[in-house]
Amino acid sequence: MYKNLKLFLFENQTLKQTIAKNTFWLFFGQIFGRLLRAGLIIYAARVLGPSSWGAFSYVMTLVAFMTIFSDMGMGAIVTRESAKNPEFSKKYFSTVFCIKLVLLTVGMLLLIFGAPYLTNIPEAQTLLPLAALILFFDGLRNFGFVISRAKEKMQLEALNEITTNFLITVLGLLFLYLIPTSQSLAIAYINGVAIGFLAVLLALKEHFYSSLANFDKTLIKPIINASLPFALASFLGAIMINTDLIMIGWMRSADEVGFYSAAQKPVQIFYTIASLFAVSIFPALTKTLKDGLGGGKRILEKAVSMSLLAAIPLSLGGIILGDQIINLVFGSQYSAATASFQILMITILIIFPSVIVSNSILAHEKQKSFIAFSMIGAIGNIIFNFLLIPAFGIAGASASTVITQILANYFIWKKMQSVNPFSVLPNIKKMIFAGIIMAIFTLILKFIGTPLLINIFVSAGIYFLLLKFQKEKLFLSLRGL
C-alpha cells in the first residue's frame, strides 16, 4: 500500500497516472495553500473594513497586471518546448529567466512611478512601493515552477505553495493583530513570498546558478516571437477579468471596491481549480499531439467533461446559496457583495472548460488566435462596464464580466473546433440532469432553514449519488482512480 502510494505520488509511470499525480499535487498545493490564505483574507476583510480592504485589493489587482506583463506567456513556452525537447530545457529556462529579470524591473518601476496616476484612493497610493516588492519576489518564485511543470514534478510546486501561503497567513494574522492596517498586510505578503522564493532557489539551485552559463542570446527572438501572441492575449484576458476593480475604483467608492473584491475572491479560488487542472494535463497533451490529433482530441474531450462535472454543482450551488456564503465568510457588513457574487458564479460554467480549450489551442501552437478573442473580451468588458457600472454599480460590473466572457470564449471554442473538432455535450447530459435535481433539493433545503454547511454537504451528496446511479462513466473512472 505504502509503496504503491509513493509510486503514484512521486513517480511518472503512465500517461493517465502522470496526469492524475500532477493534478493531485497542483490541487493539493494550491487549494490547501489558498485555504490557508482564505483565513487571512476573511480576517483582513473584517478587520480592515470595506474601505481599507478595497484599497489593498485595488493594489493587488495592479500587481496581477504587472505579473502577467513580466511573464509575457514565456513560462508556458518553456514548459511546451521542454516537454518536446528536454535536451534544450536549461537553455530555454536560462534565457527566459534573464528576460524575466528585465521585465520584472520594468514592472516594479511602473508600479512605483506610473500606478499612482491610476487611482484616486490615497491609501492605495501608499501601498504601491510595497506592491513592487511583492511583484518581484512572487514573480521569481512562480517562474521557478516552470521547471517543475516541464519535468512533470508538480510536487515541488505544491510544497512551495503550501509553505508560502502558510507564512503569509501566519505573518498576516500576526501583523494585523499588532497593527491593523493595509500596510501591515502588505509587509506580511512581502516576507512570505520572499521566503517562498528562497525555497524555490534552493530546490532548483542548479538551474538558477547556471542561468548565465546556459544563456543563449540566439533564443531571445524565437522565444519573444512565440510568446508575444500569448502574452498579448493573457494581458487582454487580465483586462477582461481585472478591469472591473479598476473601473469601480475610478467610477465608484473605495467601499464598493471592497464589496466587489469580496465577491470576486471565492470565485477566483474556483478559477484556480480550473487553471490547475489545465496546467496538469498540458505537458501530456503536448506529447500526445506528436502522434496525431486523435489522442489530443480524446484528452481534450475527457478533460473538458471532467471540468464541467465540477463546474455544474459549484455554479448552481453558489448562485442559490450566495447570500448565505457571503454572510458566513465576510460577515453582514459585506451583504452588498451578494448579487455580484451570484452573478460571477455563472462564469464558473464558462471558465472551467474554456481554460482547457485555451491550453489545447496553445498545445497546437495556434496561440496567435488568442489576440483577437482576448481583444473582444477586453474591449467588450470596458464598454459594458461604462454602460452598466453607473446604473447598477458592482452588480453591473459582474454582469459585464459574464457577457464578455461568453463572447470571447465562444470564439475560442469555435477556433478549437476548426483545429481539432471535438464534442462535449454527449458526455455531460447526465451531469446536467444531476445538477438540476441537486439545485431543486438545494433550494428546498434553504427554504426550510437548513444550515448552510449541512445544505452544501447534502446537496453535493445528492449530485454524486445521481451520477453513480446513472453510471456516469467519467465519475466512475475518477472513483476508480
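Draft legend 1. Summary view of the confidence of the model for the chain. Per-chain confidence: the chain averages 79 in pLDDT, with 75% of residues scoring 70 or above. No element of the chain has a lower mean pLDDT than helix α1 (residues 2–10), which averages 57, and none a higher one than helix α14 (residues 338–344), which averages 94.

Draft legend 2. Highlighting the pattern of salt bridges. Counted by the stated rule, this structure contains four salt bridges. Between glutamate 161 and arginine 141 there is a salt bridge, with its nearest N and O atoms 3.3 Å apart. Pair noted here: glutamate 161 is in helix α6 (residues 155–178) and arginine 141 is in helix α5 (residues 122–150), with a separation of 20 residues, a long-range link. Taken individually, glutamate 161 and arginine 141 each receive the classification buried, so the pair is uniform in this respect. Among the salt bridges present, the one from arginine 252 reaches glutamate 256, with a minimum N-O distance of 3.1 Å. Glutamate 256 sits in the buried class, given a relative accessible area of 18%.

Draft legend 3. Representation of the nonpolar core within the structure. Ranked by size, the top nonpolar core spans 101 residues in total, and within it Trp53, Leu111 and Leu185 carry the most contacts. Of the residues forming this core, the biggest block, 15 residues, is contributed by helix α2 (residues 15–71). Contact partners of leucine 111, with chain neighbours within four places excluded, come to Leu62, Val63, Met66, Pro116, Leu128, Ala131, Ala132 and Leu135.

Draft legend 4. Region of interest: the packing of aromatic side chains. All told, the structure shown has seven aromatic pairs when counted by the stated rule. Between phenylalanine 136 and phenylalanine 137 the ring centres are 5.4 Å apart and the planes differ by 75°, which places this aromatic pair in the edge-to-face class. Accessibility expressed as a relative area gives 23% for phenylalanine 136, which makes it partly exposed. Take phenylalanine 137: its relative accessible area is 22%, and that puts it in the partly exposed class. Here tyrosine 410 and phenylalanine 411 contribute two aromatic rings whose centre-to-centre distance is 5.1 Å and whose plane-to-plane angle is 75°, an arrangement assigned as edge-to-face. Phenylalanine 411 sits in the partly exposed class, given a relative accessible area of 31%. One aromatic cluster in this structure is built from Trp53, Phe56 and Tyr189.

Draft legend 5. Summary view of the packing of α6 against helix α7 (residues 182–203). Viewed as axis vectors pointing N to C, α6 and α7 meet at an angle of 155°, and their least axial separation amounts to 8 Å. Relative to α7, α6 is oriented roughly antiparallel. The two elements α6 and α7 meet at a crossing, and its hand is right-handed. Counted together, Asn160, Thr164, Leu167, Ile168, Leu171, Gly172, Phe175 and Leu176 of α6 and Ser184, Leu185, Ile187, Ala188, Tyr189, Asn191, Gly192, Val193, Ile195, Gly196, Ala199 and Val200 of α7 form the full contact between these two elements. Residue composition of the contact of α6 with α7, grouped by class: 13 nonpolar, seven polar and no charged.

Draft legend 6. Looking closely at the side chain of threonine 404. Relative to the assigned elements, threonine 404 resides in helix α16 (residues 369–419). A polar atom in the side chain of threonine 404 sits 2.9 Å from the backbone oxygen of serine 400.

Rules and cut-offs
Residues numbered from 1 in each chain as written. Predicted model: local features only at pLDDT ≥ 70, side-chain atom pairs only at ≥ 80, totals over all residues. Heavy atoms only, no water. pLDDT = per-residue confidence, 0-100. Helix = DSSP H or I, 4+ residues; strand = E, 2+ residues; numbered from the N terminus. Salt bridge = Lys/Arg side-chain N within 4 Å of Asp/Glu carboxyl O. Buried < 20%, exposed > 50% of the residue type's maximum accessible area, 1.4 Å probe, protein only. Core = buried A, V, L, I, M, F, W, Y, C linked by side-chain atoms within 4.5 Å. Contact = heavy atoms within 4.5 Å. Phe/Tyr/Trp six-rings, centres within 6.5 Å; stacked < 30°, edge-to-face > 60°. Axes fitted to C-alpha atoms, helices over the stretch in contact; angles between N-to-C directions. Parallel < 35°, antiparallel > 145°, perpendicular 65-115°, else oblique. Left-handed = near helix turned anticlockwise from the far one by under 90°. Nonpolar A, V, L, I, M, F, W, Y, C, P; charged D, E, K, R; others polar. Polar contact = N/O pair within 3.5 Å; in protein donor to acceptor, adjacent residues only side chain to side chain.

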